[in-house]
Every structure is written in structure tokens, then in C-alpha cells.
Amino acid sequence: MDLKLRPNDQILVLTGLSGTGKSSLEKELVENGSASKIISHTSRPERKGEKEGEDYYFVTKEQFEKMKKSGEFFESVEYNGKHYGGHNNELKKVLATGRPVVMVTDEIGAQEIKKNLGANAKIILIKSTPTKRYSRNDLIDLSNPNEFPAEDFKLTEADTNLTNASIKNRQGITEEEVQERVDYDRETRLPQIEDLLNEGLFDFVVHNIYSDNPNEARRNFNQALDHLEQIIKLPI
């Protein structure tokens, strides 16, 4: 992998369980000009409403594996048998504009990004349930373990229970796919995230608290967005 980053190159990596609002936050940061998005490659089929080169670059499994073998991805993950990856050239193209990059991946992808990109990457755990002892107004900086111990932010069954409510009405996702995500989050991702919290992978926790009330949900979303914009302004 041939990626030479400048000291001020900044990559915000949003991760968390399904339905926590990661993609919506990414979209808002791009639309308001705070950051730019890279277009990832995927081997999964194109869904209704998606566009080649805008949502993803759609490739076959064989094409993806060939690109990965040749070192073209700075990050790649497999989810339910489908491959997703961030291409080196896409990252270089966006960083050349001088703007921060924002991207969404799972915790394994985030771990790979941290390994490959180091301090230029800020790994942010998006959490949709409140954390006791802390105000949702707090910017949770895990580099200060005395103030914000990582074990306080571990996810629970309450977090996975929100997955169904959050994603069941998404366009192009079947009930079977929803259940697959719920099961995968509970059985695989929950313990993975807890382990990586303990290992110090995450730099920040941002709360995007789920609510059935649209007005309250929007307020919570705006608070999460404000925290992400604060993180962008912090020195690397």
C-alpha cells in the first residue's frame, strides 16, 4: 500500500452498530461542507435507488479480491459474505483537496484504518443509547481515561434492541436482512466492540440518541453532528 499522508490530513471514521445514524451523520457532514466522502467499492448487488460512482463502485467478488490482493485498499471488510473497501486512489484524490474525509465502516475496518493511517485517523464510536453518569452534551474524548474510562461506554443488549426499530423501514432492506443484522450485531459485533474499547481503538464516543419522537430525534442528531464538527476542529 502506497499512501503517504501529510500531518494535517484528517480522516474521521464513524463506526457503531446498525441503525445508529452513521451514514446520516456522514451525509450531513458532506452536505454542509465540513468534510468530503470517499466512494467505497463493494461486491454486493446494487440496490434500488443507488448509483454507480455516487453510492459505491460495484464490482464482482473476483474483481474485489484481485484488487485487495494487489494492495489497492487501505481498508476492507466482509459483511454477510459481501466485501466493502476503501481504495487508496479515492482517499488520495479527496485528501488532495485539503478537506477532511469522513467515512463509515465497522469496527474491524476501523482497526485496519488505524493500523494503516495512524494518528491521521480519528476512530469514533456512534452510540444510540445514553450512557449513565454522562450528559449527552459531553464530548467524550477517550484519550482522557481519567475523565472518560472506556469501560463506561461498552454496548449492551439495549443497543442491539434498537437495530430493528432503526433500520426496518429502510428502502431496499428486507425483513430477513434486518434480522440478519440484529443477530450479527448481538452475537458478533457487540463483543468485538467491547474488546476494541478495552484495547483503546476508539478516540471518541458520540451519542446519537434514538427516539420515537421526530423532534427529539432531530435534536439528538444535531447534537451528535455538533460533536463531530468539534472533533474536526481539534488538532491531529
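Tallied over the full model, the rule gives six aromatic pairs. Both rings, one in Tyr 134 and one in Phe 148, keep their centres 5.7 Å apart while their planes meet at 45°; by these two values the pair is tilted. With a gap of 14 residues between them, Tyr 134 in the loop between strand S8 (121-127) and strand S9 (140-141) and Phe 148 in the loop between S9 and helix H5 (157-167) connect regions that are remote in the sequence. For the pair Tyr 134 and Phe 148, one class covers both residues: buried.

A word on the pairing of strand S7 (residues 101-104). When a strand is regular, its side chains alternate between the sheet's two faces. Direction of pairing for strand S1 (residues 11-15) relative to S7: parallel, over a ladder of four bridges. Its bridge partner being in S7, Val 13 is matched across the sheet by Met 103. Pairing of strand S2 (residues 36-37) with S7, which is carried by two bridges, proceeds in the parallel orientation. Counterpart to Ser 36 in the pairing with S7 is Val 101.

Strand pairing in a sheet relies on backbone hydrogen bonds. The paired strands run either parallel or antiparallel. The mixed open sheet is built from six strands, whose spatial order is S2-S7-S1-S8-S10-S9. Sheet topology places S2 and S9 at the edges, where each strand pairs with a single neighbour. Contacts between helix H1 (residues 22-31) and the sheet are confined to S1, S2, S7 and S8, with S7 contributing the most and set at about 160° to the helix. Against the sheet, helix H7 (residues 214-233) contacts S1, S8 and strand S10 (204-207), and its axis sits at roughly 155° relative to S10.

Before going further, it helps to spend a moment on the pattern of salt bridges. All chains considered together, the criterion is met by ten salt bridges. One salt bridge connects Arg 189 with Glu 107, and the closest N-O pair in it is separated by 2.6 Å. Taken together, the positions of Arg 189 in helix H6 (residues 175-199) and Glu 107 in helix H4 (residues 107-117) put the pair 82 residues apart, joining distant regions of the chain. On the accessibility criterion, Arg 189 (3% relative accessible area) is buried. A salt bridge links Arg 186 to Glu 157; the shortest N-O distance between them is 3.1 Å. Placement of Arg 186 in helix H6 and of Glu 157 in helix H5 is noted, with a sequence separation of 29 residues between them. A relative accessible area of 29% places Arg 186 in the partly exposed class. Among the charged side chains, a salt-bridge network with shared partners connects Glu 107, Asp 185 and Arg 189.

This paragraph deals with the sheet that holds strand S3 (residues 41-42). The four strands are arranged S4-S3-S6-S5 in an open sheet whose pairing can be described as mixed. Lying at the two open borders of the sheet, with one neighbouring strand each, are strand S4 (57-58) and strand S5 (73-79). Pairing analysis gives two bridges linking S3 to strand S6 (residues 82-87), with the strands arranged antiparallel. Within the sheet, the bridge partner assigned to His 41 lies in S6 and is Gly 85. Contacts from helix H2 (residues 61-69) reach S3, S5 and S6, with the element oriented near 40° to S6.

Reading the values: rules and limits
- Residues take numbers from 1 onward in each chain, read along the sequence in its written order.
- It should be noted that, the model being predicted, local features are given only for residues of pLDDT at least 70 and side-chain atom pairs only at 80 or more, the latter also being counted only at that level, while totals for whole chains, interfaces and linings use all residues.
- Hydrogens and water molecules were not included; the side-chain quantities draw on all heavy atoms of the structure.
- Here the aromatic set is Phe, Tyr and Trp, taking the six-membered ring for Trp, and pairing holds for ring centres within 6.5 Å; pairs whose planes are under 30 degrees apart are stacked, those over 60 apart are edge-to-face, and all others are tilted.
- Here a helix means four or more residues in a row that DSSP labels H or I, a strand means two or more in a row labelled E, and each is numbered from the N terminus.
- Three labels apply to residues, based on accessible area from a 1.4 Å probe with only protein chains included: buried if under 20% of the type maximum, exposed if over 50%, partly exposed otherwise in between.
- Pairing between strands is defined by DSSP: at least two bridges between them are needed.
- Any two residues whose heavy atoms approach within 4.5 Å are treated as being in contact.
- Angular values range over 0 to 180 degrees, each being the angle between N-to-C directions of two axes fitted as lines to C-alpha atoms, with helices fitted over their stretch in contact.
- What counts as a salt bridge is simple: a side-chain nitrogen of Lys or Arg found within 4 Å of a carboxyl oxygen of Asp or Glu.

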